[in-house]
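# An overview of the molecular structure
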Amino acid sequence: MFQSAKMNKYFLPLVKHSFPRINPQSVAHYSMLDKMPTISVEAEPLIIEDRPLKNQQISRAMKHHLEKVSAWQKFMDEEKHKFEVGKRHLANMMGKSPETFTQQDINEAIEYLFPCGLFVRGARPMMKPPEKIYTGTKEASFDISGRPFHPFFYTGFPNLYQHMSDAVKVLNSLNEFEDKVITGKENGDMYSPIDMKPLRWINYKEAIKKFQEAIPPIEYGNFINTLTVMAEHPYASKFADFFSNYTHYLSVSTNRVQIDTIEVLEDGRKRVVIDDIHRRTSVVSVTAYYPGTGLFSIDGKDIHYFQDVQAKEMVLFPLIFSKMLKKVDIEARVTTFSGDMAVAGGIRYGISRCIANFVDQDMKDKMKLAGLLLLDKRTKERKKPGQWGARRKFTWKKR
């Protein structure tokens, strides 16, 4: 027993939980400094009880995430069921077995049953598995108690900063390798800077999809600037796999760009002629002379042939984009006129085709990406019999 009631109140819990285990029927003597009296404690048998641990409280963030995941899973299960039912109905309509009905068969069946002339492919009818249409939810970044898993969680953009951290590690490795090459410990002849001519960095939307975070544009710009500087390192090709995670090959090639015949005139100038350019119901022809002084003629008139400002800008855009505004002479002939915008679209395509024969490889790729070398073949959809127009129907009246 304790000699003091006050000592018994505050010291007994410490004796029970902090001191070593005491054998039954024994007495332990503990000395608390020189000024404190010797305390004799009559030990009791140690009894281990199977008491359940205190229930851990789930954080609000985790509770919200679990509810979100549960709702998402329920939604996806419903969509998968609808997809399977629709797939079976479609297979029966096409006279095929639902068990062997592939995605290619689905696409062909939709194209056959629902013909559509919409120019934008995303607006056309389609049928795909739900997991390919709806993006999945992001996994929880913290445990039940609310502790984050990611070391950069409190930066606000953990995935972005994780990629930045990886970039810094690669840069440090490149600098270390460069030091070894300078001292003669390594041979760096097989490495070189990254050639970015056939490549492009991921754009802002692709970066958001890759990082799974709505990163600010300024942070995206800083990250791309960092990668650009790293790609110019004299031994950057040593980590080509790292840069391939953030680059894409240009989707177009000059092999797909139609190369036209170049005529050489007596005065040494080059001439390219593009005939029969159809835009809607308009037909135009364009002739370009290089080098030139910037003369522009449409049926004997200058750029003011068009009354609409937008049509004028459309015609001049390929010259400004390729920086050939005052370096070539343009002559255009309008065979069939169906409106300023249609004629301007045809002339723009003809000018772009002509200029593509006078510029370098890099500019051709840029023009292709800008859509200058792609002819818009859309035409007005014809009127259907039994209705007002191409799509509009007669107003139905019951009486």
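Look up: the structure comes first, before these words.
Now for a look at the structure at hand.

## A word on the nonpolar core
Core analysis: the biggest nonpolar cluster contains 34 residues, and Val286, Phe296, Ile298, Phe306, Val315, Ile347 and Ile351 have the highest contact counts within it. At the level of elements, strand S6 (270-279), strand S7 (282-290), strand S8 (296-298), helix H9 (309-321), strand S9 (329-336), helix H10 (340-355) and helix H11 (361-369) are the ones that each hand at least two residues to this core. The biggest single contributor to this core is H10, with 7 residues. Excluding anything up to four places from it in sequence, Ile347 contacts Val284, Val286, Ile298, Phe306, Val315 and Ala332.

## What to know about the packing of aromatic side chains
Using the criterion set out here, one finds 14 aromatic pairs in the structure. Taking 6.0 Å as the distance between ring centres and 45° as the angle between the ring planes, the aromatic pair formed by Trp72 and Phe75 counts as tilted. Taken as a pair, Trp72 and Phe75 lie in helix H2 (residues 60-94) at a separation of 3 residues, close to a single helical turn. Taking the relative accessible area as the measure of exposure, Trp72 reaches 22% and is therefore partly exposed. You can call Phe75 partly exposed: its relative accessible area is 29%. Their ring planes at 65° and their centres at 5.3 Å tell us that Trp388 and Phe394 sit as a pair that is edge-to-face. According to the relative accessible area criterion, Phe394 is partly exposed, its value standing at 47%. Members of the aromatic cluster, connected to one another through ring pairs, are Phe211, Phe223, Phe242, Phe243 and Tyr246. In this structure, Lys238 packs its charged tip against the face of Phe177, placed 4.8 Å from the ring centre. Looking at Lys238, its charged tip hangs above the ring of Phe239, at a distance of 6.0 Å from the centre.

## Here we look at unusual backbone geometry
Glycine aside, the phi torsion of most residues is negative, and most peptide linkages are trans. Following Tyr290, the chain continues to Pro291 via a peptide bond in cis, the omega torsion being -5°. Counting through the fold element by element, Pro291 comes out in the loop between S7 and S8. Positive phi, close to 50°, is recorded for Asp276, a residue that is not glycine. Even without glycine at this site, Lys323 takes up a positive phi of about 60°. The topology assignment puts Lys323 in the loop between H9 and S9.

## Structural notes on the pattern of salt bridges
Applying the stated criterion across every chain yields a total of 12 salt bridges. In this structure, Arg279 and Asp376 form a salt bridge, with 3.4 Å as the shortest nitrogen-oxygen distance. Pair noted here: Arg279 is in strand S6 and Asp376 is in the segment after H11, with a separation of 97 residues, a long-range link. Take Arg279: its relative accessible area is 11%, and that puts it in the buried class. The closest approach of N and O atoms between Lys384 and Glu381, which form a salt bridge, is 2.9 Å. Beyond isolated ion pairs, a larger network of salt bridges with shared partners links Asp267, Arg269 and Asp329.

## As for the sheet that holds S7
Spatially, 5 strands are ordered S5-S6-S7-S9-S8 in an open sheet, and the strand pairing comes out mixed. Each end of this open sheet is capped by a strand with a single partner; those strands are strand S5 (263-264) and S8. Pairing of S8 with S9, which is carried by 3 bridges, proceeds in the parallel orientation. Residue pairing in the sheet places Ile298 in a bridge with Ala332 of S9.

## Remarks on the pairing of S6
Judged from the 2 bridges that link them, S5 and S6 form a sheet pairing that is antiparallel. By the bridge assignment, Val264 is partnered in S6 with Lys270. Hairpin connection from S5 to S6: 5 residues lie between these consecutive antiparallel strands, with Gly268 at a positive phi of about 90°. Note that S6 and S7 share 8 bridges and pair antiparallel. What sits directly across from Val273, in S7, is Thr287. Linking two consecutive strands that pair antiparallel, namely S6 and S7, is a turn of 2 residues; a positive phi of about 55° is found at Arg280 within it.

## Concerning the layout of surface pockets
In this model, the second largest pocket occupies a volume close to 320 Å³. Contributing to the lining of the second largest pocket are 12 residues, with Asn107, Ile110, Glu111, Arg124 and Pro125 lying nearest its centre. Broken down by class, the residue content of the lining of the second largest pocket amounts to 7 nonpolar, 1 polar and 4 charged.

## As for the side chain of Arg353
Residue placement: Arg353 occurs in helix H10. Owing to a relative accessible area of 10%, Arg353 belongs among the buried residues under this scheme. A polar contact is formed between the side chain of Arg353 and the side chain of Tyr349, at a distance of 2.8 Å.

## A look at H9
Because each turn of an α-helix spans 3.6 residues, side chains separated by three or four positions in sequence point in the same direction. With 13 residues, H9 ought to run about 18 Å at 1.5 Å a step, and its terminal C-alpha atoms sit 18 Å apart, in line with that. At Val315, H9 is bent by approximately 35°, the largest bend along its length, and proline Pro318 sits one to four residues beyond. Taken together, the buried positions of H9 are Ala311, Lys312, Met314, Val315, Pro318 and Leu319. Looking at the packing, one finds that the buried side of H9 touches S8 and H10. Measuring from the side-chain oxygen of the N-cap residue of H9 to the backbone nitrogen of Gln310 gives 3.3 Å; that N-cap residue is Asp308. A positive backbone phi angle near 60° is found at Lys323, which sits one or two residues after H9.

What counts and how
Residues numbered from 1 in each chain as written. Predicted model: local features only at pLDDT ≥ 70, side-chain atom pairs only at ≥ 80, totals over all residues. Heavy atoms only, no water. Core = buried A, V, L, I, M, F, W, Y, C linked by side-chain atoms within 4.5 Å. Buried < 20%, exposed > 50% of the residue type's maximum accessible area, 1.4 Å probe, protein only. Helix = DSSP H or I, 4+ residues; strand = E, 2+ residues; numbered from the N terminus. Contact = heavy atoms within 4.5 Å. Phe/Tyr/Trp six-rings, centres within 6.5 Å; stacked < 30°, edge-to-face > 60°. Lys NZ or Arg CZ within 6 Å of the ring centre and 35° of its normal. Salt bridge = Lys/Arg side-chain N within 4 Å of Asp/Glu carboxyl O. Pairing = 2+ DSSP bridges. 1 Å grid on protein atoms, 1.4 Å probe; cavity = no way out; pocket = protein on both sides within 12 Å on 5 of 7 lines; lining within 4 Å. Points joined across faces, edges and corners; volume = space filled by probe spheres on them. Nonpolar A, V, L, I, M, F, W, Y, C, P; charged D, E, K, R; others polar. Polar contact = N/O pair within 3.5 Å; in protein donor to acceptor, adjacent residues only side chain to side chain. Expected span 1.5 Å × (residues − 1). Bend = angle between axes of the 7 residues up to and from the residue.

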